[in-house]
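Read off the chains here:
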Amino acid sequence: MRRRSHYQFSTTHTIMLSFLLAILAGSILLALPISAAGGKAVPYIDALFTATTSVCVTGLVTLPTVSTWSLFGQIVILLLIQIGGLGVITLISVFMIDLHRKIGLGDRMLIQAAFNLNTLSGLVRFVRKVVTGTLIVEAIGALIHMFVWVPEFGVKGVWISVFHAVSAFCNAGIDILSENSLCEYAHHPIVNIFTGILIILGGIGYIVWWDVVRVLKNFRKQKLKCFRNLTLHSKIAISTTLFLITAGAAAFFLFEYHNPLTMQGCTLPDKIQLAFFQSVTTRTAGFATIPQQDLTNASSLLTLLLMFIGGSPAGTAGGVKTVTFAILIASAFATIGNRNEVSFFHRNIPKEDISKAAAVVSMSFITMFTATLLLAAVTDTDALSAAYEAVSATATVGLTRNLTPFLNIWGKIIIIITMYLGRIGPISLAVAMNIKKARQNIVHNPTEKIIVG
């Protein structure tokens, strides 16, 4: 009697499939005539592109969101953004909790994998806190932006504020204000500051949120020791984020100060504001207050680096992540300094974490380079614009040098695949590495030294 073999999905496959199904379902809804502003269905490739960029919280669009989609279409896009930001597994878990269904071991492993956590304990409480915290922050962000857009747009301003808050927090970068992103609000302090705050809060990661809350509860006792009492992960994420925002803003300020297409002629406060927002949005948000094609070459190259790094783990941002970047830089300096251990804040980093960081960066770079090469081959564009598009898709940023609207069919397919790989690639890689092998290799190959560098 032959034994039946069953294919069993791993947590990695389940996460990948959940995002794929969300994209396909969204594309079908967006391809309906009711989703289009004019009542005429958009081409399916554009509906698929929009669904992918929404679920992958990227922000690259082939068609202007504000003029292409009806209210129904915009609602679908907003739901896809929220699903992409929180994750399909998270939302399914919430529904199961609300229906008082038991969260089994398999479900807990999925949640653990979705957020790349180190433990299975307290996951139900963690999911509740993630969803509750997300909705509270988005609601506050929407309320603040209503003071700007309700006076300007009337009742429609409420919807614009809600859409913008969710898109900013989820680091999606899609807006329904105009066809040139936030360029019309480049000098508006409320829009710049609070959109930036939403982007940072979404990108810093939920683990950092609760760690900071834990420390602040004992603020009176700890006082100046607050930072010291954070976990190592939070210390690295916060310090790296602050460094990248500050250093990036300073560099953009210098590179664009005399650029007649961007900052020249602006007041000093406006220049600081523009530099700050560019530094924040490049790390996976995708909103633009400066046309990216008008940036100097130096600013464009810096943007490529910041986009590639992205936000922090277990948040709504993409990229290889701040902690990954920090670990690799520290590892490089440790090697140069002939030190055997990589340390942060007097704590050593496990070697397996360094290996994971190197693997994530390597796979992301391969994806980015391949997409750049293919785009350059199938489109009539310069290398910088192709690289900008590819890095933006890989890191799920959404910034473009005005190439996305002019992509041909092959260019759109390349970016769709790249956005999907960028959203699930590093996560899937990290999850795969966390899975312990059932069998260990008994025979080991001999070791031989090679020359590196």
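Residues numbered from 1 in each chain as written. Predicted model: local features only at pLDDT ≥ 70, side-chain atom pairs only at ≥ 80, totals over all residues. Heavy atoms only, no water.

Asks: Help me understand the pattern of salt bridges, please; the structure alone is not making it clear to me.
Replies: Applying the stated criterion across every chain yields a total of two salt bridges. The partner of Asp-46 in a salt bridge is Lys-412, with the nearest N and O atoms 2.9 Å apart. Of the two residues, Asp-46 sits in helix 2 (residues 44–55) while Lys-412 sits in helix 18 (residues 409–434), which places them 366 residues apart along the sequence. Across the pair, exposure class does not vary: Asp-46 and Lys-412 are buried alike. Residue Arg-214 pairs with Asp-211 through a salt bridge whose shortest N-O separation is 2.5 Å. Here Arg-214 and its partner Asp-211 are both found in helix 10 (residues 206–217), three residues apart, which amounts to about one turn of the helix. (Salt bridge = Lys/Arg side-chain N within 4 Å of Asp/Glu carboxyl O. Helix = DSSP H or I, 4+ residues; strand = E, 2+ residues; numbered from the N terminus. Buried < 20%, exposed > 50% of the residue type's maximum accessible area, 1.4 Å probe, protein only.)

Asks: What exactly am I supposed to notice about the packing of aromatic side chains here?
Replies: Aromatic ring pairs are defined here through the distance separating the ring centres and the angle between the ring planes. Applying the stated rule across the entire model yields eight aromatic pairs. Both rings, one in Phe-365 and one in Phe-369, keep their centres 6.3 Å apart while their planes meet at 20°; by these two values the pair is stacked. Taken together, the residues Phe-365 and Phe-369, both in helix 16 (residues 351–378) and four residues apart, mark about one turn of the helix. Taking the relative accessible area as the measure of exposure, Phe-365 reaches 45% and is therefore partly exposed. (Phe/Tyr/Trp six-rings, centres within 6.5 Å; stacked < 30°, edge-to-face > 60°.)

Asks: In this structure, what is going on with a nonpolar patch on the surface? I would like to understand it.
Replies: On the surface, Leu-17, Leu-20, Leu-21, Leu-24, Ile-28 and Tyr-44 cluster together into a nonpolar patch covering about 510 Å² of accessible area. For the nonpolar patch, the leading source of residues is helix 1 (residues 11–30), giving five residues. In this fold, Ile-28 is placed in helix 1. When its relative accessible area of 52% is taken as the criterion, Ile-28 is described as exposed. (Patch = residues over 30% accessible without salt bridge, like charges linked within 9 Å, V, L, I, M, F, W, Y side chains within 5 Å. Areas by Shrake-Rupley, 256 points an atom, 1.4 Å probe, with all protein chains shown as cover.)

Asks: Help me understand the nonpolar core in this model?
Replies: If you look at the biggest cluster of nonpolar residues, it comprises 84 residues, and the most contacted ones within it are Leu-30, Ile-81, Tyr-206 and Ile-415. Contacts of Ile-81, omitting those with residues within four sequence positions, involve Ser-54, Val-57, Phe-163, Val-166, Ser-167, Cys-170, Ala-172 and Ile-174. Within the second largest apolar cluster, 29 residues are counted, among which are Phe-252, Ala-275, Ala-288 and Ala-387. (Core = buried A, V, L, I, M, F, W, Y, C linked by side-chain atoms within 4.5 Å. Contact = heavy atoms within 4.5 Å.)

Asks: Could you clarify how one ought to interpret the packing of helix 12 (residues 232–256) against helix 15 (residues 322–336) in this entry?
Replies: In helix packing, the relevant descriptors are the interaxial angle and the interaxial distance, both defined with respect to the helix axes. In contact at an axis separation of 9 Å, helix 12 and helix 15 are set at 90° when each is read in the N-to-C sense. Between helix 12 and helix 15, the angle is such that the two are roughly perpendicular. Of helix 15, the residues touching helix 12 (which contributes His-233, Ile-236, Ala-237, Thr-240, Thr-241 and Leu-244) are Thr-322, Val-323, Phe-325 and Ala-326. For the contact of helix 12 with helix 15, a count of residues per class yields six nonpolar, four polar and no charged. (Axes fitted to C-alpha atoms, helices over the stretch in contact; angles between N-to-C directions. Parallel < 35°, antiparallel > 145°, perpendicular 65-115°, else oblique. Nonpolar A, V, L, I, M, F, W, Y, C, P; charged D, E, K, R; others polar.)

Asks: Would you explain unusual backbone geometry in this entry?
Replies: Excluding glycine, residues mostly have negative phi values, and the peptide bonds linking residues are mostly trans. We note that Ser-181 has phi near 55°; this positive angle belongs to a residue other than glycine. You can see Ser-181 is positioned in the loop between helix 8 (156–169) and helix 9 (189–204). With relative accessibility at 13%, the residue Ser-181 sits in the buried group. Unlike most non-glycine residues, His-346 shows phi in positive territory, near 65°. For His-346, the location among the structural elements is in the loop between strand 1 (343–344) and strand 2 (347–348).

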